[in-house]
Amino acid sequence: MKKENVSKRKAAVLFVCLTLLLTWVFQFLPLILKLNVEETSISSFDFASVFFIIGGMMPSLIGVIFAFVFFKKENVKDFFARCFIPTKKSFLAILIGLAVVCFETFVAQMIAKALGGSALGFEGLKMILHNPLMFFYFLFWGLMSGPLSEEFGWRGFLTDVAINKKNIFKGSLIIGVIWGLWHLPLFFYPAQIQYEWAHTNFMLVICFVLMCMSNSLVYSAVYVISQRRVFSIFFLHMFENIILTGAMIYPFSDVYKTVVNPVSIILDVVFFLIITRTKLYKDSLEKMPEAESE
C-alpha cells in the first residue's frame, strides 16, 4: 500500500461506504425530486437516467480512483493489466462462466415450464440472426449494463484488497451481501426487474440478495481460475445480464422470473463446491496472494 497507515481493511471499508453512499445519493435523487422514472434504465435516455447511470458507475469509478490512491505504482499497473490484458486462463474462465450461465438458464426454464410457464422468446437471438451486427449492440450494452460500470470496483479493487487464499468463501459472501444491498435503488424503478420482484413478493427481494451472495462465490472462483483477471469477470457478469435475466432470451414468463433466482442460488453453490475441488482451481489458488499482517 502507498500509505502505510492505511490498512487494506480500512481501504476496503472506505470503498464500500463511499460506493454505497454515492450510488444511493445519485440513484435516489430522481425519486426525491419526483422525476418521471417509469421507463428509466441504462438505455432510456430520459433525464432521470443521467443520475441512474452515474450512480451505477460508482463502483468502477471509485475503484479506479482508489487504485491510484492506495496502490503502489507497480500495483496500479497490475490493476489495469488484470482488467484489460487476458491470459490463456482468462479465456478458459470465460468459457466456464458461459457454460454455467447457459446451464442455469436451461434449468430455470425447464422448471418454469413444468410449473406452467411459457417458452422463452429468444428475441435477442432472433435479432442477431436477422442482423448479425446486432451482436455488437448486445455486446456493448451487455458490458455497459454492469461489468464495466461495476467490476473495476467489486473485483478489481475490493476483491483484491479484501480476499486472499485463506478467506475466499467468507470474503466472497460478505462482498455478495454488499453487492446485493448496493442494488437497493433499483427496487424503486419500475423498468427494473428488481421493482417487479419487490412488488410481487418480498421473499423475492431476499432471494435476490442471496443470489448476489451465491453469484459472488462463482465470480470469486472464476477470479481464482483466471489468476485474478478481472477481464474474465466482465464477461461472466455480461452473460448473466443478457442471458439469464436479459434481452437475449426475452420475453420470459412470470414463472421464470420467480424461479430464476432460487435456481441460480442452488446451482451457483453446487458449481462452487465442485470447481473448488478440481486441480485447475487448486493449482490457481496456490498463486493467490497470502494474507498480509496489518
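Everything below is about the structure printed above this text.
All figures in this text were calculated on a predicted structure; none of them were measured in a lab. (Residues numbered from 1 in each chain as written. Predicted model: local features only at pLDDT ≥ 70, side-chain atom pairs only at ≥ 80, totals over all residues. Heavy atoms only, no water.)

Asker: What is the right way to read the overall build of the protein from this model?
Answerer: Within the protein one finds 14 helices and zero strands. Reading the helices (α) and strands (β) of the protein from amino to carboxyl end gives α-α-α-α-α-α-α-α-α-α-α-α-α-α. Scaling as 2.2 N^0.38, a compact globule of 294 residues should have a C-alpha radius of gyration of about 19 Å, and the protein matches this with 19 Å. Once the C-alpha set of the protein is aligned to its principal axes, its extents read approximately 55 × 50 × 40 Å. Carbon together with sulfur atoms contributes 71% to the accessible area of the protein, which is approximately 14300 Å² in total. (Helix = DSSP H or I, 4+ residues; strand = E, 2+ residues; numbered from the N terminus. Rg over C-alpha atoms; globule rule 2.2 N^0.38 Å. Areas by Shrake-Rupley, 256 points an atom, 1.4 Å probe, with all protein chains shown as cover.)

Asker: Explain the packing of aromatic side chains here, please?
Answerer: The relation between two aromatic rings is expressed through the spacing of the ring centres and the mutual angle of the planes. Inspection of every chain in the model, using the stated rule, returns 30 aromatic pairs. Ring centres of Trp154 and Trp182 lie 5.8 Å apart, and the angle between their planes is 85°; this geometry places the pair in the edge-to-face category. Residue Trp154 is found in helix H8 (residues 147-162), and its partner Trp182 is found in helix H9 (residues 168-182); the two are separated by 28 residues along the sequence. The same class applies to Trp154 and to Trp182, which are both buried. Ring centres of Trp179 and Tyr219 lie 5.3 Å apart, and the angle between their planes is 50°; this geometry places the pair in the tilted category. Taken together, the positions of Trp179 in helix H9 and Tyr219 in helix H11 (residues 202-225) put the pair 40 residues apart, joining distant regions of the chain. There is no split in this pair, since Trp179 and Tyr219 are both buried. Between the NZ or CZ atom of Arg155 and the centre of the ring of Trp179, over which it lies, the distance is 4.9 Å. (Phe/Tyr/Trp six-rings, centres within 6.5 Å; stacked < 30°, edge-to-face > 60°. Buried < 20%, exposed > 50% of the residue type's maximum accessible area, 1.4 Å probe, protein only. Lys NZ or Arg CZ within 6 Å of the ring centre and 35° of its normal.)

Asker: Would you take a moment to explain the packing of helix H4 (residues 73-84) against H8 for this structure?
Answerer: In a packed pair of helices, the relevant descriptors are the angle between the two axes and the axis-to-axis distance. Contact geometry of H4 with H8 gives a least axis separation of 11 Å together with a crossing angle of 135°. Taken together, H4 and H8 sit at an angle that is classed as oblique. For the element pair H4 and H8, the recorded crossing hand is right-handed. Contacts from Phe79, Arg82, Cys83 and Phe84 of H4 reach H8 at Phe152, Arg155, Gly156, Phe157 and Asp160. Grouping the constituent residues of the contact of H4 with H8 by class yields five nonpolar, one polar and three charged. (Axes fitted to C-alpha atoms, helices over the stretch in contact; angles between N-to-C directions. Parallel < 35°, antiparallel > 145°, perpendicular 65-115°, else oblique. Left-handed = near helix turned anticlockwise from the far one by under 90°. Contact = heavy atoms within 4.5 Å. Nonpolar A, V, L, I, M, F, W, Y, C, P; charged D, E, K, R; others polar.)

Asker: Would you mind showing me how to read the environment of Asn167 here?
Answerer: Within the secondary structure layout, Asn167 lies in the loop between H8 and H9. When the C-alpha positions of Asn167 and Glu290 are compared, they lie 9.9 Å apart, and in sequence the two are 123 residues distant. With residues up to four places along the chain from it excluded, the contact list for Asn167 reads Ala162 and Ser172. Among the polar contacts made by the side chain of Asn167, one reaches the main-chain carbonyl oxygen of Ala162 at a distance of 2.9 Å. (Polar contact = N/O pair within 3.5 Å; in protein donor to acceptor, adjacent residues only side chain to side chain.)

Asker: I'm lost on the environment of Phe271 in this one. Help?
Answerer: Within the element layout of this structure, Phe271 appears in helix H13 (residues 254-275). A relative accessible area of 13% means that Phe271 is categorised as buried. With 171 residues separating them along the chain, Phe271 and Val100 place their C-alpha atoms 7.9 Å apart. If we ignore the near neighbours within four places in the chain, the residues touching Phe271 are Ile96, Val100, Val218 and Ala221.

Asker: Just to check I follow, could you spell out the packing of H11 against helix H12 (residues 230-244) for this structure?
Answerer: As a packed pair, H11 and H12 sit with axes 9 Å apart at the nearest point and diverge in direction by 145°. Where H11 crosses over H12, the handedness of that crossing is right-handed. Contacts from Asn215, Val218, Tyr219, Val222 and Tyr223 of H11 reach H12 at Ser232, Ile233, Leu236, His237 and Glu240. Here the residues of the contact of H11 with H12 are counted per class, giving six nonpolar, three polar and one charged.

Asker: Is there a simple way to think about the pattern of salt bridges in this case?
Answerer: Once the charged atoms of two side chains with opposite charge are near each other, the side chains can pair. Under the definition given, this model contains nine salt bridges. The shortest N-O distance in the salt bridge between Arg82 and Asp160 comes to 3.6 Å. Taken together, the residues span a long stretch of sequence, with Arg82 in helix H4 and Asp160 in helix H8 at a distance of 78 residues. With relative accessibility at 0%, the residue Arg82 sits in the buried group. Where Arg228 meets Asp160, a salt bridge forms, and the shortest distance between an N and an O atom there is 2.5 Å. Separated by 68 residues along the polypeptide, Arg228 in the loop between H11 and H12 and Asp160 in helix H8 bring together distant segments of the chain. (Salt bridge = Lys/Arg side-chain N within 4 Å of Asp/Glu carboxyl O.)

Asker: What should I look at first to understand helix H5 (residues 88-114) in this one?
Answerer: Owing to its 3.6 residues per turn, the α-helix aligns residues three or four sequence positions apart on the same side. Taking 1.5 Å of rise per residue, 27 residues should cover 39 Å, and H5 covers 40 Å from first to last C-alpha, within 8% of that figure. A positive backbone phi angle near 100° is found at Gly116, which sits one or two residues after H5. (Expected span 1.5 Å × (residues − 1).)

Asker: I would appreciate a short explanation of unusual backbone geometry in the present structure.
Answerer: One can expect most non-glycine residues to show negative phi and most peptide bonds to be in trans. In this structure, Pro251 follows Tyr250 across a cis peptide bond, with omega equal to 0°. Note on placement: Pro251 falls in the loop between H12 and H13. Look at Lys34: it is not a glycine, yet its phi comes out positive at around 60°. Tracing the backbone shows Lys34 in the loop between helix H1 (8-32) and helix H2 (47-56). Accessibility expressed as a relative area gives 73% for Lys34, which makes it exposed. Unlike most non-glycine residues, Phe45 shows phi in positive territory, near 60°. Here Phe45 is to be found in the loop between H1 and H2.

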